[in-house]
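# Residue-level structural notes
Here is how the chains run, residue by residue.
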Amino acid sequence: MVALSSFPLVSLVLIYLSAPGAILVLCAEEFSRNDFPLDFVFGSGTSAYQVEGAAFEDGRTPSIWDTFAHDGNVHGDTGDIACDGYHKYKEDVQLMVETGLEAYRFSIAWSRLIPYGRGPVNPKGLEYYSNFINELIRNGIQPHVTLVHSDLPQALEDEYGGWISRKVVKDFTAYADVCFREFGDRILHWSTFNEANIFVLGGYDVGFTPPNRCSPPFGVANCSKGNSSSEPYIAAHNILLAHASAASLYKNKYQGKQKGLIGINIFAYWLVPCTNATEDVIATQRANDFFIGWFVNPLVFGDYPNIVRKNAGTRIPAFTNLESQQVKGSFDFLGLNHYATLYIKDNPNKLNLDIRDFNADMAVDMISVHGDTPPDQFPIAPSGLVGVLEYFKQVYGNPPIYIHENGQQTRRNSTLDDMPRVNYLRGFIGGLLDALRNGSNARGYFTWSFLDVFELLDGYNSAFGLYYVDFDDKDLKRYPKRSAHWYSNFLKGMRIGPDAVFEAETISSLSQSHSSQ
């Protein structure tokens, strides 16, 4: 997850307004797991670099995320050890069982499975992921797998520039082939990329995420290379082609026998006009075209939105007719990561800049209304999730959707009494139920994150987990927070009302039972 402090993404203008009540909290008043369809799946998730650790063990080589962290970009924190999920996965699966998770979303580290991006498969990496998948299935938990979560092998970045080179399409497809061949008999849900839109903006426009590429005047990081005007569009184009290539391979070679599904994940704010002025309403649609349509329009319609092609001009690659046909329809589902609502104000002056990047092409200001919410937390605005799902229903024909990430950020500390997270989850799950009752084709919901992990921008300073990890303890003990018990009770059928809370002493006693293990 991109931490709250990343809201200035692509040099967006964020204005924090003190406007209590400005965000409508809308969700079902009372609900339980039984109100959702039987085949709707609830889970939680993490990703490889954020949870596994063992960064230098058993043949794994660095990814671009390793390099980014070791260059000091995240307060000096790294994922070298993280939660040590590589060694503690059986313990973590038992926590999932206790919580009542129906599914678990995780990613495969490309550089652990194929250490240099192409060539021989690492037997130890293959063994780890096979064992982990088997452990999940043995315990009745569906594995949902992401192939790339911001962690391209550094070897490919060094060799040809990674995602800005068309060569990556062939290497990614070969990597995906290994995953489908080795794990596809047990994996029924594949996502090619996580937050593809945020990955290219953070990594190639602003430069404050891997692979740390940008150019003046747009970068907010110290970038030694890059071109903020063109590289985000080039990287996005190659990611779409790589996704389409892997999806075609899966559908033609594996899907008939394995019966699984393949999709791609993007980040989705809910965007609302700042005022009722026509300019802001039009600007909001333009922002949606850039933020969402940039990836989803090619997947659904075969090309970028007209306004994106017009404003980006020659800086955005064009699809050939064959590429358009390959990309269009190359998904069985879409994964969405949603956390917050932003407000949009038209800013046409950005189009007058001599040098433009994605943000200038979009020509808007993005405004966060925080109200009384602490600055290090997300406002609780379930109406945003309802709006995003309605938007996909109306604009893109209501495709199958998995909410792959949704959760509350808090500062990392030792308290297990995380009521802000309980209130957030309660609100958004209630909003999700509203959306389903209104005809959304959502198929699943995953909290971010299962454990407190190494966060992309904030390292170990912020936390999203249902479980606290004591990073000062050599055994990295896990402790359930109040939110873990709330989610567990929901998953096990408890009826959730507006005031459903759990006594602090219950949390304390359950936590002590874990600390004594």
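Everything that follows concerns the structure shown earlier in this document.
Below is a summary of the structure that appears in this document. On a predicted model such as this, the values are computed, not experimentally measured, just so you know.

## Let's talk about helix 7 (residues 167-183)
The end-to-end C-alpha distance of helix 7 is 25 Å, a good match for the 24 Å that 17 residues give at a rise of 1.5 Å each. Most of helix 7 sits out of view: 12 of its 17 residues are buried. Regarding helix 7, the residues found buried are Val 168, Val 169, Asp 171, Phe 172, Thr 173, Tyr 175, Ala 176, Asp 177, Val 178, Cys 179, Phe 180 and Phe 183.

## Section: empty space enclosed by the protein
Applying the stated criterion across every chain, the model contains five cavities of 30 Å³ or more. If you add up the space inside the largest cavity, you get close to 110 Å³. Along its surface, the largest cavity is lined by 15 residues, and Thr 46, Val 51, Tyr 104, Tyr 128 and Phe 132 are the ones closest to its centre. Every element with two or more residues in the lining of the largest cavity is listed here: helix 1 (48-51), helix 3 (85-99), strand 2 (103-107) and helix 5 (123-138). Looking at side-chain class alone, the lining of the largest cavity contains nine nonpolar, four polar and two charged residues.

## Topic: the packing of aromatic side chains
Evaluated as defined, the whole model comprises 54 aromatic pairs. When the ring of Trp 294 is compared with that of Phe 358, the centres are 4.7 Å apart and the planes differ by 35 degrees; the resulting orientation is tilted. Taken as a pair, Trp 294 in helix 10 (residues 278-301) and Phe 358 in helix 13 (residues 358-362) lie far apart in primary sequence, 64 residues in all. Like Phe 358, Trp 294 is buried. By way of ring pairs, the aromatic residues Tyr 233, Phe 267, Tyr 269, Phe 290, Phe 291, Trp 294, Phe 295, Tyr 339, Phe 358, Phe 378 and Phe 464 are connected into one cluster.

## Brief notes about the state of the cysteines
Joining two cysteines, a disulfide is a covalent bond between their sulfur atoms. Summed over all chains, the structure comprises one disulfide. Two residues share a disulfide in this structure: Cys 214 and Cys 223, whose sulfurs sit 2.0 Å from each other. In this structure the cystine formed by Cys 214 and Cys 223 twists about its S-S bond by roughly 105 degrees; its chirality is therefore right-handed. Among the residues examined, Cys 223 registers a relative accessible area of 21% and is labelled partly exposed.

## Description of the nonpolar core
Ranked by size, the top nonpolar core spans 135 residues in total, and within it Trp 163, Trp 190 and Phe 392 carry the most contacts. Top contributing element to this core by residue count: helix 9 (residues 231-258), with 13 residues. The contacts of Trp 190, once residues within four sequence positions are left out, are Ile 108, Val 145, Leu 147, Cys 179, Phe 180, Phe 183, Gly 184, Tyr 250, Leu 261, Ile 262, Gly 263 and Phe 333.

## Let's talk about the pattern of salt bridges
Tallying each qualifying case throughout the model produces 29 salt bridges. Ionic pairing is found between Glu 182 and Arg 181, a salt bridge with its closest N-O pair at 3.3 Å. A relative accessible area of 44% places Arg 181 in the partly exposed class. A salt bridge links Arg 412 to Asp 452, with the nearest nitrogen and oxygen atoms 3.7 Å apart. Linking Arg 412 in the loop between strand 11 (410-411) and helix 15 (419-437) with Asp 452 in the loop between strand 12 (442-448) and strand 13 (462-463), this pair joins segments that are 40 residues apart in sequence. As far as the burial class goes, Arg 412 and Asp 452 line up, both buried. In the salt-bridge network here, residues are joined through shared partners; they are Glu 30, Asp 35 and Arg 495.

## A short note on the sheet that holds strand 6 (residues 270-273)
Taken in spatial order, the three strands line up as 6-8-9 in an open sheet, and their pairing is mixed. Single-partner strands in this sheet number two, and they are strand 6 and strand 9 (364-367). Recorded for the sheet is a direction-independent mean angle of 35 degrees between the axes of neighbouring strands. Looking at chain direction, strand 8 (residues 341-346) and strand 9 are connected through four bridges and run antiparallel. By the bridge assignment for strand 9, Ile 344 is matched with Met 366. Across the sheet, helix 10 lies against strand 6, strand 8 and strand 9, angled at about 120 degrees from strand 8, the strand it touches most.

## Considerations on the pairing of strand 7 (residues 333-337)
Of all the five residues making up strand 7, five are buried; the element is thus mostly covered by neighbouring parts of the structure. Looking at chain direction, strand 5 (residues 261-267) and strand 7 are connected through five bridges and run parallel. Its bridge partner lying in strand 7, Ile 266 is registered against Leu 336. In the sheet, strand 7 pairs with strand 10 (residues 401-405) via four bridges, with the strands oriented parallel. Counted as the bridge partner of Leu 336 is Ile 403 from strand 10.

Reading guide: rules and limits
- Residues numbered from 1 in each chain as written.
- Predicted model: local features only at pLDDT ≥ 70, side-chain atom pairs only at ≥ 80, totals over all residues.
- Heavy atoms only, no water.
- Helix = DSSP H or I, 4+ residues; strand = E, 2+ residues; numbered from the N terminus.
- Expected span 1.5 Å × (residues − 1).
- Buried < 20%, exposed > 50% of the residue type's maximum accessible area, 1.4 Å probe, protein only.
- 1 Å grid on protein atoms, 1.4 Å probe; cavity = no way out; pocket = protein on both sides within 12 Å on 5 of 7 lines; lining within 4 Å.
- Points joined across faces, edges and corners; volume = space filled by probe spheres on them.
- Nonpolar A, V, L, I, M, F, W, Y, C, P; charged D, E, K, R; others polar.
- Phe/Tyr/Trp six-rings, centres within 6.5 Å; stacked < 30°, edge-to-face > 60°.
- Disulfide = S-S within 2.5 Å.
- Core = buried A, V, L, I, M, F, W, Y, C linked by side-chain atoms within 4.5 Å.
- Contact = heavy atoms within 4.5 Å.
- Salt bridge = Lys/Arg side-chain N within 4 Å of Asp/Glu carboxyl O.
- Pairing = 2+ DSSP bridges.
- Axes fitted to C-alpha atoms, helices over the stretch in contact; angles between N-to-C directions.

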